[in-house]
Amino acid sequence: MFFFYPLASILGVSLREGGPWGSDVIGRLFSSWIYVRVLWFTTWQAALSTVLTLAVALPGAYVFARYRFPGKTLILSLTAVPFVLPSVVVAAAFQALLGERGLLNGWLMGALNLPSPPITLDHTIWFILLAHVFYNYSVIVRIVGNYWSRLRPVTAEAAKMLGASPWRVFFEITVPLLMPAILAASMLVFIFCFSSFGVILILGGPRFSTIEVEIYRQAVHLFNLPMAAVLSLLQILLTLAFMGVYTTLQRSSSLPVYTESRSVTEKRITGMKDWIFVGANGLVILILLCAPIAALMVRSFHAQDGFTLDFYRSLFMYRDQSLFPIAPIAATLYSVGFALSTLVLSVSIALPAAVLLTWHRFRIVRFLDPVLMLPLATSAVTLGFGFIIALDEPPLNLRTSLALIPLAHTLVAYPFVVRSVLPALRSIPKELKEAASILGATPLQVFFGVIMPIVSRAVMVGAVFAFTISIGEFGATVLVARPQTPTMTLAIYRFLGQPGEMNYGCAMAMSTLLMAVTAGGFLLLDRIRIAREGEF
Amino acid sequence: MNTHKILVLCIISAAVACTIPACTKQEKASEPPELTVMTHDSFKVSERIIKDFEQSYGCKVVILKSGDAGTALNQAILSKKNPLADIFYGIDNTFMGRALKEDLFEPYNAPGLRDIPGELILDKSGRLLPVDFGDVCLNFDKAWFARKKITPPASLEDLLKPGYKDLLVVENPATSSPGLAFLLATIGHFGEEGYIEFWKKLKSNGVLVSGGWEDAYWGQFTAASKGTRPVVVSYASSPPAEVYFSKTPLDEAPTAAVVEPGTVFRQVEFAGILKGTKHPELARRFVDYMLNIPFQEDIPLQMFVFPANKHAGLPEVFTKYAVLAEEPVALNPDTISTNREAWIEAWTDAVLR
């Protein structure tokens with residue numbers, strides 16, 4: 001209702017302008033090499049980003065799944081902080097670290113006596129890939145790590161006892177068992193990078209263009225709505241195709257798994273090898289995630305004349321002659337409010353949807369799965385315009401309603417929840433449910449007594465994603481938020497909209513608060529358990 | 001918390017969420033009339049200015065921000081059959097041809113127009129009324145040029161000199177409004193025949209192109225960041241903003257604007273009454289109000305652009321640190337809207353591909 005109707009409206013209106021069924025535009029699209037090149041670039045950068053993220057994050061997932069160490073929850077919640085940062089802010093952080101006048105180049109030039117900076121990442125493909133890994137690290141760690149922590153170590157140990165080498169155990173036992181989670185997480189990362197916008201536009205510079213960037217350029221700056229619509233359609237069709245491949249792989253890889261509670265699967269860090277392995281992953285997190293975050297925090301306390309708290313102080317001040325009709329700090333409340341509504345909404349939509357997807361008996365379910373992922377792959381601009389023309393009559397005249405914000409966020413968030421829950425749901429052995437039914441449990445009792453305890457942790461992972469996505473969302477929020485109810489990301493953009501040291505400092509202070517709120521939200525959510533952990 | 005409690009909570013909050021819009025709708029009947037102003041995300045105004053208007057006319061003013069200038073205009077066009085607002089503010093002279101072609105606005109010959117200089121009134125039919133203007137031009141980092149003992153550039157031709165190699169960052173005209181304005185300045189200055197040649201030479205002299213103003217200014221400009229470019233395309237009002245938003249009081253702006261003849265494009269922003277408004281009378285009063293002194297004098301420190309009303313006084317930070325171009329580049333809005341797409345495509349081919 002809130003997705004297909006607006007989408008169909010905007011595509012309909014736009015295509016009608018471009019000749020019968022948009023034929024003129026489609027002709028132009030394929031006659032020009034430029035669009036083919038954009039398409040090719042969009043695909044390969046997304047694939048490469050996904051592979052790189054997997055390579056960096058899988059060892060991390062193992063560490064979080066199998067080891068017990070102090071501060072684990074805190075570090076885990078820190079890994080997801082990048083997810084909420086606006087791309088302008090991430091660009092500033094990387095600039096401070098890796099820019100031509102950044103920290104690293106400064107050191108290298110000093111240490112090696114170089115005449116020019118050795119690292120020139122800005123506006124290169126490397127910057128895009130680095131940023132994608134930075135953003136998506138936590139997606140892999142969270143989804144795969146959570147699944148991994150529930151796998152019985154016994155299976156692998158048995159293989160080892162029978163004489164298999166550690167590598168063989170990993171590739172022939174662990175990887176196949178993990179496949180559903182790896183596939184689900186990779187698909188999310190891939191689609192996320194496939195429809196990447198801010199990262200490409202700001203970090204990559206204007207030489208790189210994805211379909212999403214091209215849609216924005218055509219729709220907003222060239223007024224070429226038919227072309228934008230055709231590109232949106234193309235983006236959707238491609239995503240459907242990728243999803244089709246994924247669902248096929250997923251179905252053939254789904255194995256029933258008997259799970260263990262965390263207390264059994266976790267082990268202490270013992271021995272040299274463990275220390276090196278965990279330490280190496282800690283280093284990756286430190287360099288990849290913590291360094292840029294720390295750079296931002298330093299900037300928020302640092303003015304040209306040294307240490308200062310002025311930027312934070314001014315966030316609490318209400319001035320009539322200021323960028324906001326309220327004290328900027330109030331944006332925190334709106335952000336958290338919208339995020340919690342999104343969390344509730346998307347979990348209550350995604351859970352039934354995920355359960356529905358496990359009913360293999362129905363043919364339609366196979367088509368439903370890719371379709372449910374579509375909102376993630378639809379251009380925010382297209383959908384935003386769709387909302388404008390579709391939801392304009394009572395009872396759906398929601399165009400100016402505040403409820404539109406959590407609704408829009410839910411559209412983006414619930415595919416993440418579905419993807420987090422689905423692997424866990426599919427892994428539940430059929431016999432468990434059947435046994436419960438035979439013993440006289442009603443379907444509801446089966447759901448709450450058997451299914452929920454097993455998937456509860458996966459639901460929490462999904463809920464945390466919903467919370468994060470809402471906190472960090474910008475594209476849809478900017479179209480519907482009122483000046484009186486800004487979110488934190490909007491506030492950051494508003495500060496960065498005008499020159500001056502105060503504005504920059506306040507933007508950095510607000511970014512630091514944004515990170516703190518996100519990490520705090522995680523820590524709290526981690527403490528809530530929907531039900532007792534499954535002990536099967 | 002157990003499962004059932006969570007579920008009950010979900011249901012309750014969902015139910016509450018559903019009733020909120022319903023409540024507000026019922027209340028509307030007894031409330032004072034609501035005047036909606038649709039605008040872009042950079043719109044700012046002091047609260048007291050809006051309050052004064054609400055009290056004088058017994059109404060409520062709702063500001064509806066709808067993304068950047070291009071996105072907001074597109075939304076107004078898409079919703080023209082059932083408009084979202086009564087007034088649209090924030091169309092500039094690069095977008096006005098499109099807005100007029102779509103026939104979005106009611107003409108209104110506001111009495112306030114007589115206080116506005118004739119060269120700003122680009123639409124003689126009174127559908128788009130000038131509210132403010134800003135000069136898009138080169139800004140440079142004063143300390144950088146002083147340190148290197150180089151004279152800052154003073155014209156567009158200067159930018160091609162070998163001494164200024166790798167110093168300039170501009171915004172992509174296809175995704176940024178100051179970027180487009182600067183492209184138009186070069187077209188106005190070198191003509192439709194010459195501008196591509198200029199950009200090709202600029203490219204070989206190491207011009208850097210950013211996606212938008214934020215990245216160019218906060219990411220690449222030496223005066224505002226760890227960037228490497230001491231010359232940036234920004235506004236003539238950026239230096240006063242640097243002073244006004246400085247942390248420690250400054251006697252001098254750290255940056256300066258180049259406003260020599262033939263280097264500046266003047267962006268004029270307009271307001272108009274949307275066709276299909278339910279409060280035409282109130283909408284006219286609000287447009288009058290926007291052109292009057294209190295609103296006009298509020299503009300500079302809120303949006304860092306210049307008021308259109310010639311009798312509006314400027315704040316000290318503007319009189320002291322801002323300079324205005326005496327001869328901005330002249331380019332007809334109709335020519336702009338006819339050629340806009342072709343110019344952008346030609347520029348993209350020459351500079352990016």
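From a predicted model like this one, the values you see are computed outputs, not experimental measurements.

**Examining the overall build of chain A**
Okay, so step 1: Broken down by element type, chain A carries 24 helices and four strands.
Okay, so step 2: Among the 536 residues that make up chain A, the fraction classed as buried is 51%.
Okay, so step 3: Counted over contacts in chain A with a minimum sequence separation of 6, partners at least 24 positions apart contribute 81%.

**Digging into the overall build of chain B**
Okay, so step 1: Counting its secondary structure elements, chain B contains 12 helices and 11 strands.
Okay, so step 2: Its C-alpha atoms give chain B principal-axis dimensions of about 70 × 65 × 45 Å.
Okay, so step 3: Counting only residues that meet the buried cut, chain B has 51% of its 353 residues in that class.
Okay, so step 4: A fraction of 75% describes how many contacts in chain B between residues 6 or more apart in sequence connect residues 24 or more apart.

**Brief notes about the nonpolar core**
Okay, so step 1: Residues Val 144, Val 421 and Met 510 of chain A together with Ile 87 of chain B are the most contacted members of the largest nonpolar core, which totals 259 residues.
Okay, so step 2: Ranked by residues supplied to this core, first place goes to helix 7 (residues 125-150) of chain A with 16 residues.
Okay, so step 3: Built from parts of two domains, this core gets at least three residues from each of domain 1 (30-133 + 268-315) and domain 2 (134-266 + 323-351) of chain B.
Okay, so step 4: Val 144 of chain A has contacts with Leu 58, Ala 61, Leu 178, Ala 181, Ile 182 and Ala 185 of chain A, leaving out every residue within four places of it along the chain.

**Some words on helix 23 (residues 488-496) of chain A**
Okay, so step 1: Most of helix 23 of chain A is tucked away: nine of the nine residues are buried.
Okay, so step 2: Restricting attention to buried positions, one finds in helix 23 of chain A the residues Met 488, Thr 489, Leu 490, Ala 491, Ile 492, Tyr 493, Arg 494, Phe 495 and Leu 496 of chain A.

**Describing the confidence of the model for chain B**
Residues and elements named next belong to chain B.
Okay, so step 1: With 92% of its residues at a pLDDT of 70 or more, chain B shows a mean pLDDT of 87.
Okay, so step 2: When pLDDT is averaged over each element of chain B, strand 11 (residues 306-307) comes out on top at 96 and helix 1 (residues 3-28) at the bottom at 43.
Okay, so step 3: Every residue in residues 1-29 is under pLDDT 50, and counting partners more than four places away or in other chains gives 18 contacts.
Okay, so step 4: The complex model carries a pTM of 0.82, and its ipTM stands at 0.77.

**Some remarks on helix 21 (residues 443-472) of chain A**
Okay, so step 1: With 30 residues, helix 21 of chain A should cover 44 Å at 1.5 Å per step; its first-to-last C-alpha distance of 38 Å lies more than 12% under that length.
Okay, so step 2: Remark: the principal bend of helix 21 of chain A, roughly 60 degrees, maps to Met 452 of chain A, with a proline, Pro 453 of chain A, within the next four residues.

**Observations concerning the domain arrangement of chain B**
Residues and elements named next belong to chain B.
Okay, so step 1: We note that the domain assignment places domain 1 (30-133 + 268-315) and domain 2 (134-266 + 323-351) within chain B.
Okay, so step 2: Taken over C-alpha atoms, the centre of domain 1 sits 28 Å from the centre of domain 2.
Okay, so step 3: Contacts between the two partners involve 13 residues from domain 1, matched on the other side by 15 residues from domain 2.
Okay, so step 4: Ranked by residues supplied to the side of domain 1 that touches domain 2, first place goes to helix 4 (residues 96-101) with three residues.
Okay, so step 5: Looking at the side of domain 1 that touches domain 2 residue by residue, the classes come out as nine nonpolar, three polar and one charged.

**As for the packing of helix 3 (residues 33-66) of chain A against helix 9 (residues 166-194) of chain A**
Residue and element names in this part refer to chain A.
Okay, so step 1: The interhelical angle for the contact between helix 3 and helix 9, taken along N-to-C directions, is 140 degrees, at an axis separation of 8 Å. Judged by the angle between their axes, helix 3 and helix 9 are oblique. Relative to helix 9, helix 3 is oriented so that their crossing is right-handed. Judged by residue contacts, Thr 42, Gln 45, Ala 46, Ala 47, Ser 49, Thr 50, Thr 53 and Leu 54 of helix 3 engage Ser 186, Val 189, Phe 190, Cys 193 and Phe 194 from helix 9.
Okay, so step 2: Within the contact of helix 3 with helix 9, the residues separate by chemical class into seven nonpolar, six polar and no charged.

**Topic: the pairing of strand 6 (residues 168-171) of chain B**
Residue and element names in this part refer to chain B.
Okay, so step 1: Side chains Leu 168 and Val 170 of strand 6 all project onto a buried face; the interleaved residues Val 169 and Glu 171 project onto the opposite face, where all are buried too.
Okay, so step 2: The pairing of strand 6 with strand 7 (residues 208-210) spans three bridges and is parallel. Residue pairing for strand 7: Val 170 is matched across the bridge by Val 209.
Okay, so step 3: As for the winding sense of the linkage, the β-α-β connection from strand 6 through helix 6 (residues 177-204) to strand 7 is right-handed.

**Looking at the confidence of the model for chain A**
Okay, so step 1: Model confidence for chain A is summarised by a mean pLDDT of 77, while 83% of its residues fall at 70 or above.
Okay, so step 2: Averaged pLDDT values over the elements of chain A bottom out at 62 in helix 2 (residues 23-31) of chain A and peak at 87 in helix 3 of chain A.

**Some words on the environment of Leu 112 of chain A**
All names here are of chain A.
Okay, so step 1: Its location among the elements puts Leu 112 in helix 6 (residues 103-112).
Okay, so step 2: Note on Leu 112: 8 C-beta atoms within 10 Å, which makes it exposed.
Okay, so step 3: The spatial distance from the C-alpha of Leu 112 to the C-alpha of Leu 201 is 33 Å, given a sequence separation of 89 residues.

**Quick look at the environment of Leu 432 of chain A**
Residue and element names in this part refer to chain A.
Okay, so step 1: Assignment of secondary structure puts Leu 432 in helix 20 (residues 430-438).
Okay, so step 2: Leu 432 gets classed as partly exposed once you count the C-beta atoms within 10 Å, which come to 16.
Okay, so step 3: A sequence separation of 18 residues divides Leu 432 from Val 450, and the C-alpha atoms of the two residues are 7.7 Å apart.

**Section: the packing of helix 9 of chain A against helix 19 (residues 404-427) of chain A**
Residues and elements named next belong to chain A.
Okay, so step 1: Packing of helix 9 against helix 19 leaves a shortest axis separation of 9 Å and a crossing angle of 170 degrees. Taken together, the axes of helix 9 and helix 19 are roughly antiparallel relative to one another. Counting all contacts with helix 9, which are made through Pro 180, Ala 181, Ala 184 and Leu 188, the residues of helix 19 involved are Phe 416, Arg 419, Leu 422, Pro 423, Arg 426 and Ser 427.
Okay, so step 2: Residues belonging to the contact of helix 9 with helix 19 are distributed by class as follows: seven nonpolar, one polar and two charged.

**Some thoughts on unusual backbone geometry**
Residue and element names in this part refer to chain B.
Okay, so step 1: Even without glycine at this site, Asp 103 takes up a positive phi of about 55 degrees.
Okay, so step 2: Relative to the elements of secondary structure, Asp 103 occurs in the loop between helix 4 and strand 4 (105-106).
Okay, so step 3: By the C-beta count within 10 Å, which is 11 here, Asp 103 ends up exposed.
Okay, so step 4: Of note, the phi angle at Phe 304 is positive, near 55 degrees, even though the residue is not glycine.
Okay, so step 5: As for its position among the elements, Phe 304 is in the loop between helix 10 (293-303) and strand 11.
Okay, so step 6: For Phe 304, a count of 26 C-beta atoms within 10 Å corresponds to the buried category.

Procedures and definitions
- Residue numbers here run from 1 along each chain, matching the order of that chain's written sequence.
- Chain letters start at A and ligand numbers start at 1, both assigned in the order the entries are written.
- In keeping with the model being predicted, local features are shown solely for residues with a pLDDT of at least 70 and side-chain atom pairs are shown and tallied solely at 80 or more, while totals for entire chains, interfaces and linings include all residues.
- Strands here mean DSSP runs of E at least two residues long; helices mean DSSP runs of H or I at least four residues long; both are numbered from the N terminus.
- Using C-beta atoms placed from the backbone, we call a residue buried if 20 or more other C-beta atoms fall within 10 Å of its own, exposed if 12 or fewer do, and partly exposed for counts in between.
- Whether two residues are in contact is decided by their C-beta atoms, placed from the backbone, lying within 7 Å.
- A set of buried residues drawn from Ala, Val, Leu, Ile, Met, Phe, Trp, Tyr and Cys, joined through C-beta atoms within 7 Å, is what defines a nonpolar core.
- Where each domain starts and ends follows an automatic or database-derived domain assignment.
- For every residue, the pLDDT score states the predictor's confidence, bounded by 0 at the bottom and 100 at the top.
- By this rule, a helix spans an expected 1.5 Å times one less than how many residues it contains.
- The reported bend at a residue is simply the angle between two axes, fitted to the 7 residues ending at it and to the 7 residues beginning with it.
- All residues other than Ala, Val, Leu, Ile, Met, Phe, Trp, Tyr, Cys, Pro, Asp, Glu, Lys and Arg, Gly among them, are scored as polar; the first ten of these are nonpolar and the last four charged.
- Working convention: axes come from line fits to C-alpha atoms, limited for helices to the stretch in contact. Angles between N-to-C directions cover 0 to 180 degrees.
- Convention used here: angles under 35 degrees read as roughly parallel, angles over 145 as roughly antiparallel, angles from 65 to 115 as roughly perpendicular, and any remaining angle as oblique.
- Handedness of a crossing is defined here by the sense of rotation of the near helix relative to the far one, left-handed for an anticlockwise turn of less than a right angle and right-handed for a clockwise turn.
- In short, DSSP must find at least two bridges between two strands for them to pair.
- A crossover gets the label right-handed when its path from the first strand over the helix to the second runs clockwise, viewed with the strands pointing away from the viewer.

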